[in-house]
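Here's the letter readout for the chains.
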Amino acid sequence: MNVRGPLLDVGEVRQVSTRYGERDLAELTLRPDGGAGDPVTVTLWGKWTHTAEHAEEGMELLVTDAERDDYGDREGYTTSQESYVVLEPDFLVDVTDIRSWVQCPRMYYLNKLSGIPLNYPVVKGTVVHEVFGDLLRGVDLEDSIDDRVAEAGLELGLLGMERDEVADEVRRNAAAIEGWLSQGRLSAADGADGADGADAAATTGDSTLGDWGDADGDGDDWDGGPDETEWRSEYTLISPTFGVKGRADALRRGQPVELKTGKNLKREPRFQDKVQAACYALLLRERGVEVDTGTLLYTKNTALDRGEESGDLSPAKEFSVGKGFLDFVVRQRNEIAATEFDMTVPTGYEADAKCEYCFEQDTCMVVSGRLDQESKAGQIGQPLPEEERTYFEETYRALEEERRETHAEYRKLWEQTAAERAADDRALIDLTPLSREPIGDGRWRLTARKDSDAVSKLREGDVALASDGDPASGHAELGRIEKLGDEVVVETDEPVELRRLDVYPSELSVSRMHTAVHDFVLKGDPDRKDVLFGRREPAFGARDADAEPFIDNNEAQNEAVTGAVTAEDFALVHGPPGTGKTYTIARIVRALVDRGNRVLLSAFTNRAVDNALEALREQGFDDALRVGTETGVRGDMQDIRLVTRGEPNDRAATLNSAPVVAATTSTCGSRTMREQEFDVALVDEASQLTEPGTLAAVNLADRFVLVGDHQQLPPVVRAENRLRESLFQRLIEDHPDAGVMLDRQYRMSQRIQAFSSREFYDGKLRPATPEVAGQTLADLGVDTADLPPELGDGVSFVDPDGAREGNANPVEADRVAAVVDAYVAAGVDPDDIGVIAPFRAQVAEIGRRTDVTVDTVDRFQGSSEEVIVVSFVATGDLDSPVFEDTRRVNVALTRAKKALCLVGDAEALASEPFYARMLEWARR
DNA sequence: TCTCTGCTCAGAGGA
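I will try to describe carefully the structure that is included in this document.

Basis of the calculations
- Residues numbered from 1 in each chain as written.
- Chains lettered and ligands numbered in written order.
- Predicted model: local features only at pLDDT ≥ 70, side-chain atom pairs only at ≥ 80, totals over all residues.
- Heavy atoms only, no water.
- Helix = DSSP H or I, 4+ residues; strand = E, 2+ residues; numbered from the N terminus.
- Rg over C-alpha atoms; globule rule 2.2 N^0.38 Å.
- Buried < 20%, exposed > 50% of the residue type's maximum accessible area, 1.4 Å probe, protein only.
- Contact = heavy atoms within 4.5 Å.
- Areas by Shrake-Rupley, 256 points an atom, 1.4 Å probe, with all protein chains shown as cover.
- Salt bridge = Lys/Arg side-chain N within 4 Å of Asp/Glu carboxyl O.
- Near = heavy atom within 4 Å.
- Polar contact = N/O pair within 3.5 Å; in protein donor to acceptor, adjacent residues only side chain to side chain.
- Nonpolar A, V, L, I, M, F, W, Y, C, P; charged D, E, K, R; others polar.

What chain A contains, in helices and strands, is 33 helices and 35 strands. In terms of overall dimensions, chain A is globule-like: its C-alpha atoms have a radius of gyration of 31 Å, near the 29 Å expected for 924 residues. With respect to the principal axes defined by its C-alpha atoms, chain A has extents near 90 × 70 × 60 Å. Within chain A, the proportion of its 924 residues that are buried is 56%. Long-range pairs, those at least 24 residues apart, make up 71% of the contacts in chain A between residues at least 6 apart in sequence. A total accessible area of about 38,200 Å² is found for chain A, and carbon and sulfur atoms account for 45% of it.

This brings us to the pattern of salt bridges. Within the structure shown, the criterion is met by 65 salt bridges. Its salt-bridge partner being Arg449, residue Asp451 comes within 3.0 Å of it at the nearest N-O pair. Note on Asp451: relative accessible area 54%, which makes it exposed. Each of the salt bridges in this network shares a partner with another, and the network as a whole consists of Asp94, Lys112, Lys245, Glu340, Glu400, Arg403 and Glu507.

On to unusual backbone geometry. One non-glycine residue with positive phi stands out, namely Glu88, at about 45°. Looking at the element boundaries, Glu88 is found in the loop between strand E8 (85–87) and strand E9 (93–94). The residue Asp762 is not glycine, and still its phi comes out positive at about 55°. Here Asp762 is to be found in the loop between helix H25 (750–760) and strand E30 (766–767).

Attention shifts here to the environment of Leu237. Relative to the helices and strands, Leu237 is located in strand E10 (residues 231–239). Note: C-alpha distance between Leu237 and His475 (238 residues apart in sequence) is 8.8 Å. Apart from the residues within four sequence positions on either side, Leu237 is in contact with Val244, Lys245, Gly246, Ala248, Tyr280, Leu283, Leu284 and Arg287.

Okay, the protein's contact with DNA strand B next. Within the structure, DNA strand B sits among 56 residues, and Phe359, Thr629, Thr664, Val716 and Arg888 are positioned closest to it. For DNA strand B, the backbone makes up 64% of the atoms found within 4 Å of the protein, where backbone means sugar plus phosphate. At a separation of 2.9 Å, a phosphate oxygen of DNA strand B approaches a polar side-chain atom of Glu258. The element that contributes the greatest number of residues to the surface near DNA strand B is helix H5 (residues 120–136), accounting for five residues. Split by residue class, the surface near DNA strand B holds 17 nonpolar, 20 polar and 19 charged.

These figures capture arrangement, not role.
Okay, structure coming up:
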């Protein structure tokens, strides 16, 4: 049986005499059943005492296949021969992280901090892996090489590589794979192996591993192509038991095969390579596959690459995977989990790291020197000022907390039932598979029918986990959602029976924030750090008093452009709702380009980036390059989107020569963008970005301009920590003089804007013109006499007397729909009406009753409608975190231009002073 | 049970 729970006590490791001789043990006390049971003692024997040494009170411990061990009068358990001991199983460790930890724990840490930079061996390695996958999927070798090298065009170009030389090198690597694959096929033709393969799969009890035969046999166009009943490429594995996730390069008859594009002339595979393959073996065994062998394929071990060397030239090296090795792998994984639990920094002494030949030695010494960390390699240079080290450590911790919240999302993949997942909007279940068809490039198009009208957070273009119904232990692959209607279409690398589609959590943004903080603190300009750490005030250059204004009909906007242009460090533009933020941004970009600057235009969302670009193009500027994924970039900006595929030199030149590059901040943290340099970075929606998120863009430029409104929605983060405050807000509070507030709004009537202006902008926000101030529904041709009396005013309040049920309020939803109908009946175009609710459940509730746009506050930020109806849902009191942050209300109320109707329970709203004032204003 | 966008995902290597 499995024993699992939080540790209450961790005993010392001691040696005892048993009938088998002297043996080590450690006794740990935990509270089983998720902390609910009575404390029990668990005895860890032998090498598992290694994990006991890393265990601490408060950590979660799992012992699989534990045996009952009632020693004396004490109830307890002990490890058995079959047991695994897992520390913090909820902490998901990547297989590649275990690999690098085994190489050196510092390398693991450094990789996490700084990411893997753009370098040729890595890019080439990726291409060779993709070609390998293609060969297994039966793609023609030359077609695959052409295709995959073209795909890496931009990265290769930035590295100064020519297409032909890369293709030649990939071809040499592929020769080793090809030769080995055809050997495998020869033996299969002998008879025994093919049958064995089918048997092995059939006896595993895992039908998903055995049913690859229905992939239609188009492997024939590659001469010597693989036997498809024997091979499967790229297999995604997540283990709830061991807290490990990863993706195996390939499985051959259920056994893991790892491809390495280097050379290894020793008889044995490299140790860390074996560890990696053993991790996959561990995960496959959990699924009941009998794995006893791992294979490593070294592509440079061919006669062509031999040169003067001698040694073992066979590309494939097999090794046996026994329980002892798997135990070792789990113990290493536990070390990582324990390190991350208390967030200690690895020194290199934890494992037997050898520094003398290490490629990272210099980096390692510099990082330990600057951050004053203990390191086996030693330290170089002076430590950074203390406040910078503190900042680094605090941010590091905050990001790791965020990572844990992401892990909690993974956990839901297997802890929640399918129905719970669906109710949580995180999955589409009960899909009926319709077809699986190859679409070239080794990709598959999966289609399924969706019978229910279920909604979820999944949207077209998202990456999601497609599975046969069981994402954790069945067959699951990541794919991109192409269509999401009555028919669901997903594109994947592998044919999956599409029965379920899950939101797949990603650690990508946490990783990118880590590298942004690293780049800022360790590689950033000291002069900039002086300002951002408050050691100096931001500086502005001289103004040309005789110059023509940039914008002549709006003083604040003109001042914002002037500030941005003269800033020597940074400038801040505070843009409340409707104040022409986007227009001002475009004007700033043009002014900067006119002065010879290369500009990075960035924002949190793709939508904001495209909006800014649109404004820029409307002002006649067309020389911008949009960097982003095809699905992320809006249709009308595809013509200026950087296509990464193609001729390397040409692709690199396109990026390097663009005077304005536009991308989301997340993209700014990507490997390619991190190599780019700009004079100025302009970041929109800066108040919705975490500080590290903003740094990702700001790091790439000498100066920066942040545009945002800290009175609207703050960053969305899962953990409760310092990431919740944006850099924009910190700077505008510390340096009010570096900011300009755009104070004239072009959106709302006087009546609508009054409350927001008073509550959030010190009464400084005012209508830009008398026309804006005085606009009413009559301007839309509506005769207000046709409206019910309670909707007659520009701002109105309706109490429907409903009751909150969970996060919805059906009676209120009815009333909201009736209000919408009344506006329509009076002549308002339904397209001019928007409905806003704080909860997704209520959004769905209202959506069933009306055809106008209904969405959450968060999703409505950035847009506006002539008429807005807000549903507050709450009754009795306002006891929900959603009402705590009044900035959310500010966003909701300021979406309306001519009419605003608040629908809610007067008693609940009156219970909080802020909402009471709102009520008073609405009922005036 | 509060709100939720990014990003291909994860992994790709050197001696």
